[in-house]
Amino acid sequence: MMAAATVMRLQTVVAREVAADRSAVVTVASLHAGTRENVIPDTADLTINIRSATPAVRSQLLDAVERVVRAEAAASAAPQEPEITFLNGFPVTVNDAEATATVQAVFRTTLGPDRVIDLPQPLTGSEDFGAFGTGLGAPSVYWTFGGLDPASFQGVDLLQDQIPPEISHNHSALFAPIAETVERGVRYLLVAAAPWLTPPRP
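Each chain carries its own residue numbering, running from 1 in the direction its sequence is written. Whole-chain, interface and lining totals are the exception, using all residues; otherwise, since this is a predicted model, local features are given only for residues with pLDDT of at least 70 and side-chain atom pairs are given and counted only at 80 or more. As a convention, hydrogens and water are excluded, and side-chain values are obtained from all of the structure's heavy atoms.

A. Representation of a nonpolar patch on the surface. On the surface, Ile117, Leu119, Leu123, Tyr142 and Leu159 cluster together into a nonpolar patch covering about 440 Å² of accessible area. Along the chain, the position of Ile117 falls in the loop between helix H4 (97–111) and helix H5 (130–136). Think of it in three bands: with a 1.4 Å probe and only protein chains considered, a residue is buried below 20% of the maximum accessible area for its type, exposed above 50%, and partly exposed in between. Given the relative accessible area of 52%, Ile117 is considered exposed. Patch rule: a residue counts if its relative accessible area is over 30% and it has no salt bridge; like charges are joined within 9 Å, and nonpolar side chains (Val, Leu, Ile, Met, Phe, Trp, Tyr) within 5 Å. Computed by Shrake-Rupley with a 1.4 Å probe, the accessible areas treat only the displayed protein chains as cover when residues are assessed. In the sections that follow, a salt bridge refers to a side-chain nitrogen of Lys or Arg positioned within 4 Å of a carboxyl oxygen of Asp or Glu. Secondary structure elements follow DSSP: runs of H or I of four or more residues count as helices, runs of E of two or more count as strands, with numbering from the N terminus.

Here's what the structure looks like:
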């Protein structure tokens, strides 16, 4: 019951504590407790995924999650304080403005302007890409490209509509990109890197 109450209370953090114009996610990704239907478990393990678009909101979410977990334990008269362990963390992925402009320009020249778009809002996926640029102190650009059959998206405005539920996203066990995806990805990566690999003309 303590674990269930904690899960339910954590669902209110984003809705009640984060401004509507801020991107934030708090997800209880797993809950493990007990081994038998007739034995009340002594412990419960929860793993919680937190995502944000700014360090300030991330700090706010971390504080709120810890406050909720400790408060629910206290409310349930837990015999000891909950153990909170930080598992993984990645910096916010922020595209360098100058490098982004360079990559967009070379993509528009090579692929055509109608095939290069700016997303209307940040992606909320959990991604470690930002650690590379941060760790190296180098500008970086995160971009994506399609890998599914375009016919799957007939009648769907991807900039306005959500991806239909029958289409599997990456990280899904059912995700099945078309065969050309790997070759296309390598080609696009070379195109994006070309401005930094090609010597400037005199």
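B. Quick peek at the environment of Pro150. When you line up the elements, Pro150 lands in the loop between H5 and helix H6 (181–197). Taking the C-alpha atoms as reference points, Pro150 and Ile178, separated by 28 residues in sequence, lie 9.9 Å from one another.

C. Summary view of unusual backbone geometry. Here the phi dihedral of Ala77 falls at roughly 55 degrees; this positive angle occurs in a residue that is not glycine. One can find Ala77 in the loop between helix H3 (55–75) and H4. For Ala77, a relative accessible area of 62% corresponds to the exposed category.

D. Main features of helix H1 (residues 2–10). The set of residues buried in H1 consists of Ala3, Thr6, Val7 and Leu10. Looking straight down H1, one finds its buried side chains confined to an arc of 100 degrees; they lie on one side. Considering only its buried residues, H1 is in contact with helix H2 (12–17), strand E1 (24–32), strand E2 (45–52) and H3. To obtain the arc, one takes the directions from the helix axis to the C-beta atoms. Two residues form a contact once any of their heavy atoms are found within 4.5 Å.

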